[in-house]
Amino acid sequence: MLDALRTEASACTRCRLHEGRTQVVFGNGNPSADLMFVGEAPGFHEDRQGIPFVGQAGKLLDRLLDGIGLTRADVFVANVLKCRPPGNRDPQPDEIEQCEPYLFRQIELIRPRVVATLGNFATKLLSGKPTGITRVHGVEQETTIGGSRVLLYPIYHPAAALYTPAMLKVLEEDFARIPTLLEHEVGPPAPFLEPLAEPEPEPVAVQLGLF
């Protein structure tokens, strides 16, 4: 099913970004991963190679994973957008709207226990809240995505540490909590309660029989 979705995404022309891409960057890793990372969008190197996080930020991600005893083969890595925005600009709202069904379907098929959102765009999309990463990083929350209950765990994008070295310590501390979060049992979604239907009036014959 994930391969079928990959094939569908590879031919996507839903938004303007398909015009300038080299290839779609669908995501890669373990299709049954308990831990999934969601970044913002492919960059120059990702667009060329078709693999997310292969530049300097990707090398840092590998290092952070190694620090908690994991490798790329243990996790699944994807982005909000599957095509590179020109000049690595921020994703536009209409581009996110057109691309988000692929991400939600990925989460539905992979069924991870923990979804770690890397940076603002992934965090805001998957939390459904406008709060920025600075306020919510390192604070997990249970939510329903793709029909499954997951633990959403916002953390800074590794690129932040490339521009601000002091951010590396924050990233390492947030990553250090991931093994514990993977052991967390996520509760079932709240049951959907059907509205109470109006009782049907009893037939007149029955009503008359009560007197």
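Above: the structure in question.
Throughout what follows, the structure given in this document is the object of discussion. Treat the numbers as computed from the prediction; the structure is a model and nothing was measured.

Cut-off values and rules
Here the residue numbering is sequential within each chain, running from 1 through the sequence in written order. In view of the model being predicted, local features appear only for residues whose pLDDT reaches at least 70, and side-chain atom pairs are presented and counted only at 80 or more, with totals across whole chains, interfaces and linings using the full set of residues. Where side-chain values are given, they derive from all heavy atoms of the structure, hydrogens and water being excluded. Secondary structure elements are taken from DSSP: a helix is a run of H or I of four residues or more, a strand is a run of E of two residues or more, and numbering for both begins at the N terminus. Residue exposure (1.4 Å probe, protein chains only): buried if accessible area is under 20% of the type maximum, exposed if over 50%, otherwise partly exposed. Residue exposure ignores everything except the shown protein chains as possible cover, and the areas themselves are Shrake-Rupley values with a 1.4 Å probe. Both cavities and pockets are sets of points on a 1 Å grid over the protein atoms alone; in a cavity a 1.4 Å probe fits but cannot get out, in a pocket the set is open with protein on both sides within 12 Å along at least five of seven lines, and lining residues sit with an atom within 4 Å of a point. Grid points are joined across faces, edges and corners, and a volume is the space filled by probe spheres set on the points. Under the convention adopted here, Pro, Cys and the residues Ala, Val, Leu, Ile, Met, Phe, Trp and Tyr are nonpolar, Asp, Glu, Lys and Arg are charged, and Gly plus all remaining residues are polar. Only the six-membered ring of Trp is used, alongside the rings of Phe and Tyr, when aromatic pairs are assigned; centres must lie within 6.5 Å, and planes under 30 degrees apart are stacked while those over 60 apart are edge-to-face, with the rest tilted. Two limits define a charge over a ring: the Lys NZ or Arg CZ must be within 6 Å of the ring centre, and within 35 degrees of the ring normal. The criterion for strand pairing is that DSSP finds at least two bridges linking the strands in question. Contacts between residues were defined by any pair of non-hydrogen atoms, one from each residue, lying within 4.5 Å. The convention used is that axes are lines fitted to C-alpha atoms, helices contributing only their stretch in contact, and that angles between N-to-C directions extend from 0 to 180 degrees. Take a side-chain nitrogen of Lys or Arg and a carboxyl oxygen of Asp or Glu: if they are within 4 Å of each other, that pair is a salt bridge. Oblique is the label for every angle not falling under 35 degrees (roughly parallel), over 145 degrees (roughly antiparallel), or within 65 to 115 degrees (roughly perpendicular). Definitions for this section: a left-handed crossing has its near helix turned counterclockwise from the far helix by less than a right angle. A right-handed crossing has that turn clockwise.

## A few points about the overall build of the protein chain
When helices and strands are tallied, the protein chain shows 10 helices and 6 strands. Per-residue burial over the protein chain gives 43% buried out of 211 residues. Here the protein chain displays about 11600 Å² of accessible surface, and carbon together with sulfur accounts for 54% of that area.

## So, the layout of surface pockets
In this model, the largest pocket occupies a volume close to 630 Å³. Listed by contribution, the elements that provide at least two residues to the lining of the largest pocket are α2 (44–49), α3 (56–67) and α7 (158–163). Looking at which element gives the most residues to the lining of the largest pocket, the answer is α7, with 4 residues. Among the residues making up the lining of the largest pocket, the classes are represented as 13 nonpolar, 11 polar and 4 charged.

## Looking at the packing of aromatic side chains
For any pair of aromatic rings, the description rests on two quantities: the centre-to-centre distance and the angle between the ring planes. Evaluated as defined, the whole model comprises 1 aromatic pair. With a centroid separation of 5.7 Å and 15° between ring planes, the pair formed by F37 and F175 is classed as stacked. Of this pair, F37 sits in strand β2 (residues 35–39) while F175 sits in helix α8 (residues 167–176), placing them 138 residues apart in sequence. Taking the relative accessible area as the measure of exposure, F37 reaches 0% and is therefore buried. The ring of F26 has K82 sitting right over it, with the charged end atom 6.0 Å from the ring centre.

## Concerning the sheet that holds strand β3 (residues 76–79)
An order of β1-β3-β2-β4-β6-β5 is seen for the 6 strands of this open sheet, with the pairing classed as mixed. Among the strands making up the open sheet, the edge pair consists of β1 (28–29) and β5 (141–145). Its contacts with the sheet put helix α5 (residues 120–127) on β2, β4 (114–118), β5 and β6 (148–155), and the angle it makes with β4 is roughly 135°.

## Section: the pattern of salt bridges
All chains considered together, the criterion is met by 12 salt bridges. Ionic pairing is found between E172 and R63, a salt bridge with its closest N-O pair at 3.9 Å. With E172 in helix α8 and R63 in helix α3, the pair connects residues that are 109 residues apart, well separated along the chain. The closest approach of N and O atoms between E173 and K169, which form a salt bridge, is 3.3 Å. Taken together, the residues span about one helical turn, with E173 and K169 both in helix α8 at a distance of 4 residues. Exposure remark for K169: the relative accessible area of 54% places this residue in the exposed category.

## Considerations on α5
Among the residues of α5, those classed as buried are A122, T123, L125, L126 and S127. Of the surrounding elements, those touching the buried residues of α5 are β2, α4 (93–110), β4, α6 (133–136), β5 and β6.

## What to know about the packing of α3 against α8
At a minimum axis separation of 10 Å, α3 and α8 run at an interaxial angle of 45°. Taken as axis vectors, α3 and α8 run oblique relative to one another. Handedness of the α3/α8 crossing: right-handed. Residues L60, L61, R63, L64 and L65 of α3 pack against L168, L171, E172 and F175 of α8. Its residues assigned to classes, the contact of α3 with α8 comprises 7 nonpolar, no polar and 2 charged.

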